[in-house]
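Chain by chain, the residues run as shown.
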Amino acid sequence: MTDEVETALNLNRWGDTADPAPERRDPRQDACSCFDQSRPHPRARVRFHAERQDTVAPGWRRLLELIDEAAADGREEFRPLTELSPEERRQIITLPPSIAQLTAVRRLVLYGSNLVRIPPEIGAMTSLEEFTPYTSYRLHWFPYEITRCRKLTRSTVSTRALFGNYKLRPPFPQLPPSPDSVAYLDPGNLDTRHWGAAAIHSCSVCDGPIEQSGLHQVWISLRVATDVLPLLVSACSAGCVAALPGGARDYIPTPHKGGRVDQPASDWD
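Residues numbered from 1 in each chain as written. Predicted model: local features only at pLDDT ≥ 70, side-chain atom pairs only at ≥ 80, totals over all residues. Heavy atoms only, no water.

### Remarks on the packing of aromatic side chains
Part 1 of the reasoning: Within this structure, the stated rule accounts for 9 aromatic pairs.
Part 2 of the reasoning: Each ring, one from Tyr111 and one from Tyr134, has its centre 6.2 Å from the other, and the planes form 40°; the classification is tilted. Pair noted here: Tyr111 is in the loop between strand 2 (107-109) and strand 3 (130-132) and Tyr134 is in the loop between strand 3 and strand 4 (142-143), with a separation of 23 residues, a long-range link. The same class applies to Tyr111 as to Tyr134, namely buried.
Part 3 of the reasoning: Here Phe172 and Trp219 contribute two aromatic rings whose centre-to-centre distance is 5.5 Å and whose plane-to-plane angle is 50°, an arrangement assigned as tilted. Of this pair, Phe172 sits in the loop between strand 5 (154-155) and helix 3 (192-195) while Trp219 sits in strand 6 (residues 216-224), and the two are 47 residues apart along the sequence.
Part 4 of the reasoning: Grouping aromatic residues by their ring pairs yields a cluster made of Phe35, Phe48, Trp141, Phe163, Phe172 and Trp219.
Part 5 of the reasoning: Sitting above the plane of the Tyr251 ring, Arg169 keeps its charged end 4.8 Å from the centroid. (Phe/Tyr/Trp six-rings, centres within 6.5 Å; stacked < 30°, edge-to-face > 60°. Helix = DSSP H or I, 4+ residues; strand = E, 2+ residues; numbered from the N terminus. Buried < 20%, exposed > 50% of the residue type's maximum accessible area, 1.4 Å probe, protein only. Lys NZ or Arg CZ within 6 Å of the ring centre and 35° of its normal.)

Now the structure itself:
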């Protein structure tokens, strides 16, 4: 999906997530300075967003209710942000694991969100065909588990906001060394600055429990629906990492740890 400014007629085609009087409200999104999303600007290092979800915020509690309602009525389209106020939308920086209940949803619309991460439970949304997190400018990566959505064929993503995107080639966060044991870690309470997620319980590849083995994280860029996405893999073993496919054409061809890794030239070069 291209990032050109849309016309007024198309601006709100994914749902009414815009306030008609923006000068009288706070922004729906927090600022993001991870990297310049308008032009290449080489940086030696980027990091994950460190924010953790406030689970007592009104917006989070309402989102939980909306997911339960959508799961109960078996709806095929889920646009949760249209049911939240601008301030409530700003409170949502991830989605709850309960999205795994949304097995009937075919269209997931998160236009203009304040998200910084998507949970691996999105892989349980087995009916998903269309995914629209467009203009979610703080959302730089996705979990590898999204590849389990076998019916997903259409996506609308602001690609300039993605780590390693072909237009700008911003760097990827450096991932920690792969420990053979997680005895010193609490997989349910991880440092988001280092691991990307607050909790990692199962392998992205084989779905086995992380708690019984090591934690091997790598990046890989793959085409998912319409777009090539930077995917964070949290694997239980080196064998699961070795089982990953090759990277997308014109992207880093193998799984990698991020940081100072060579990337193909950007479209600006």
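Here the narrative resumes.
### With respect to the environment of Thr147
Part 1 of the reasoning: Take Thr147: it is sitting in the loop between strand 4 and strand 5.
Part 2 of the reasoning: For Thr147, a relative accessible area of 22% translates into the label partly exposed.
Part 3 of the reasoning: Spatially, the C-alpha atom of Thr147 lies 9.9 Å from that of Val205, the residues being 58 residues apart in sequence.
Part 4 of the reasoning: Beyond its immediate chain neighbours, meaning those up to four positions away, Thr147 contacts Leu222, Val224 and Leu231. (Contact = heavy atoms within 4.5 Å.)

### Examining the nonpolar core
General note: in soluble globular proteins, nonpolar side chains tend to be found buried as a group.
Part 1 of the reasoning: Counting residues in hydrophobic clusters, the biggest one holds 51 residues, and the most contacted among them are Ile118, Phe131, Phe142 and Leu231.
Part 2 of the reasoning: Counting only elements with at least two residues in this core, the list comes to helix 1 (58-73), strand 6, strand 7 (227-235) and helix 4 (238-242).
Part 3 of the reasoning: Here this core gets 5 residues from one element, more than from any other, and that element is helix 1.
Part 4 of the reasoning: Leaving out residues up to four positions away in the same chain, Phe142 has contacts with Ile118, Phe131, Pro133, Val157, Leu162, Leu229, Pro230, Leu231 and Leu232.
Part 5 of the reasoning: Core analysis: the second largest hydrophobic core is formed by 11 residues, Phe35, Val46, Phe163 and Leu232 among them. (Core = buried A, V, L, I, M, F, W, Y, C linked by side-chain atoms within 4.5 Å.)

### Looking at the pairing of strand 6
Part 1 of the reasoning: For strand 6, the tally of buried residues reaches 8 of 9 residues, placing the bulk of the element in the interior.
Part 2 of the reasoning: With 9 bridges connecting them, strand 6 and strand 7 associate as antiparallel partners. Bridging from a neighbouring strand, Val224 pairs with Asp227 of strand 7. (Pairing = 2+ DSSP bridges.)

### A short note on empty space enclosed by the protein
Part 1 of the reasoning: For the structure shown, the criterion picks out 2 cavities of 30 Å³ or more.
Part 2 of the reasoning: In this model, the largest cavity occupies a volume close to 40 Å³.
Part 3 of the reasoning: Residues belonging to the lining of the largest cavity are distributed by class as follows: 6 nonpolar, 2 polar and no charged.
Part 4 of the reasoning: Space inside the second largest cavity adds up to approximately 30 Å³. (1 Å grid on protein atoms, 1.4 Å probe; cavity = no way out; pocket = protein on both sides within 12 Å on 5 of 7 lines; lining within 4 Å. Points joined across faces, edges and corners; volume = space filled by probe spheres on them. Nonpolar A, V, L, I, M, F, W, Y, C, P; charged D, E, K, R; others polar.)

### A few points about helix 1
Part 1 of the reasoning: With 16 residues, helix 1 extends 23 Å between its outermost C-alpha atoms, agreeing within 8% with the 22 Å of an ideal straight helix rising 1.5 Å per residue.
Part 2 of the reasoning: Of all the residues in helix 1, the buried ones are Gly59, Trp60, Leu63, Leu66, Ile67 and Ala70. Taken down its axis, helix 1 places every buried residue within 115° of arc, on the same side.
Part 3 of the reasoning: If you follow the buried residues of helix 1, they end up packed against strand 1 (77-78) and helix 2 (86-90).
Part 4 of the reasoning: Following helix 1 by one or two positions, Gly74 has its phi on the positive side, about 65°. (Expected span 1.5 Å × (residues − 1). Arc of directions from axis to C-beta.)

### Side note on the pattern of salt bridges
Pairing between side chains of opposite charge can happen when the charged atoms of each approach one another.
Part 1 of the reasoning: For the structure on display, the rule yields 15 salt bridges.
Part 2 of the reasoning: With a shortest N-O distance of 4.0 Å, Arg138 and Asp30 are connected by a salt bridge. Here Arg138, found in the loop between strand 3 and strand 4, pairs with Asp30, found in the segment before helix 1; they are 108 residues apart in sequence, far enough to count as distant.
Part 3 of the reasoning: Glu51 serves as the salt-bridge partner of Arg138, at 2.8 Å between the closest nitrogen and oxygen. Here Arg138 is found in the loop between strand 3 and strand 4, whereas its partner Glu51 is found in the segment before helix 1, with 87 residues between them in sequence.
Part 4 of the reasoning: Assessed through its relative accessible area of 28%, Glu51 is described here as partly exposed. (Salt bridge = Lys/Arg side-chain N within 4 Å of Asp/Glu carboxyl O.)

### A closer look at the sheet that holds strand 3
One key point about sheets: their strands pair by backbone hydrogen bonds, in either a parallel or an antiparallel sense.
Part 1 of the reasoning: One open sheet holds the 4 strands; their spatial order is 1-2-3-5, and the pairing between them is parallel. Two strands lie at the open edges of the sheet, namely strand 1 and strand 5, each paired on one side alone.
Part 2 of the reasoning: Bridging between strand 2 and strand 3 involves 3 bridges; their strand directions are parallel. Across the sheet, Val109 pairs through a bridge with Thr132, a residue of strand 3.

By themselves, these are just geometric observations and shouldn't be taken as functional.
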